[in-house]
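Summary of the model geometry
For reference, the chains in residue letters:
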Amino acid sequence: QLQLVESGGGLVQPGGSLRLSCAASGFTLDSYAIGWFRQAPGKEREGVSCISSSGGSTVYADSVRGRFTISRDNAKNTVYLQMNSLKPEDTAVYYCAADPRQTGLLAARFYDYWGQGTQVTVSS
């Protein structure tokens, strides 16, 4: 069974930081591009960031560029999202997803495997 499990979410004040983790089971992440997506109540899922299988290429949404950093440790079969300078508008459920074709795009339709999500809440 192929599974992705997110962790690290929680409640944080504006300006604070969180680090999200995405751990894989049933397959290894080193052949997949990994994306982070988020979905706020009443809104559609949006792409946040993605990283190539080797970690050599990254993409960020304009809304998070300069504040968030995506990274991976293939030896640990884990991808991370470091979130700094958090804003209330960052509040959402955050999902990680795996793209075996490594399209390098933040469109959900390209990702085959999804985690269950972790809640991030930034107070106002």
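Residues numbered from 1 in each chain as written. Predicted model: local features only at pLDDT ≥ 70, side-chain atom pairs only at ≥ 80, totals over all residues. Heavy atoms only, no water.

1. What to know about the packing of aromatic side chains
For clarity, the threshold we go by: In this scheme Phe, Tyr and Trp rings, the latter by its six-membered ring, pair at centre separations within 6.5 Å, and the angle between planes marks the pair as stacked below 30 degrees, edge-to-face above 60, and tilted otherwise. Think of it this way: any DSSP run of H or I at least four residues long counts as a helix, any run of E at least two long counts as a strand, and we number them from the N terminus. A 1.4 Å probe rolled over the protein chains alone gives each residue an accessible area, and that area as a share of the maximum for its type sets the label: buried under 20%, exposed over 50%, partly exposed in between. As a reminder, the over-ring test applies to NZ of lysine and CZ of arginine, requiring each to be within 6 Å of the ring centre and within 35 degrees of the ring normal.
Enumeration over the complete set of coordinates arrives at six aromatic pairs. Relative to Tyr113, the ring of Phe27 has its centre 5.5 Å away and its plane inclined at 40°; by these criteria the two rings are tilted. Pair noted here: Phe27 is in the loop between strand S3 (18-25) and strand S4 (33-39) and Tyr113 is in strand S10 (residues 113-114), with a separation of 86 residues, a long-range link. Among the residues examined, Tyr113 registers a relative accessible area of 26% and is labelled partly exposed. Ring geometry for Tyr32 against Tyr113: centres 6.1 Å apart, planes inclined by 70°, an arrangement best described as edge-to-face. Taken together, the residues span a long stretch of sequence, with Tyr32 in the loop between S3 and S4 and Tyr113 in strand S10 at a distance of 81 residues. Aromatic ring contacts, followed pair by pair, group Phe27, Tyr32 and Tyr113 into a single cluster. When the ring centre of Tyr95 is taken as reference, the NZ or CZ atom of Arg45 above it lies at 5.2 Å. Between Arg45 and the ring centre of Trp114, over which it is positioned, the NZ or CZ distance is 4.6 Å.

2. Remarks on the nonpolar core
Which entries qualify depends on this criterion: By nonpolar core we mean a set of buried residues, namely Ala, Val, Leu, Ile, Met, Phe, Trp, Tyr and Cys, connected to one another through side-chain atoms within 4.5 Å. Contact definition: two residues touch when any of their heavy atoms are within 4.5 Å.
Among the nonpolar cores identified, the biggest contains 29 residues, and Trp36, Leu81, Met83 and Tyr94 are the most heavily contacted of them. Within the residue set of this core, elements represented by two or more residues are S3, S4, strand S5 (46-51), strand S7 (68-73), strand S8 (78-83), strand S9 (92-99) and strand S11 (118-122). Not counting chain neighbours up to four residues away, the residues in contact with Leu81 comprise Leu18, Arg19, Leu20, Trp36, Val48, Ser49, Phe68, Thr69, Ile70 and Tyr94. In this structure, Phe37, Ala97, Phe110 and Tyr111 belong to the second largest nonpolar core, which totals five residues.

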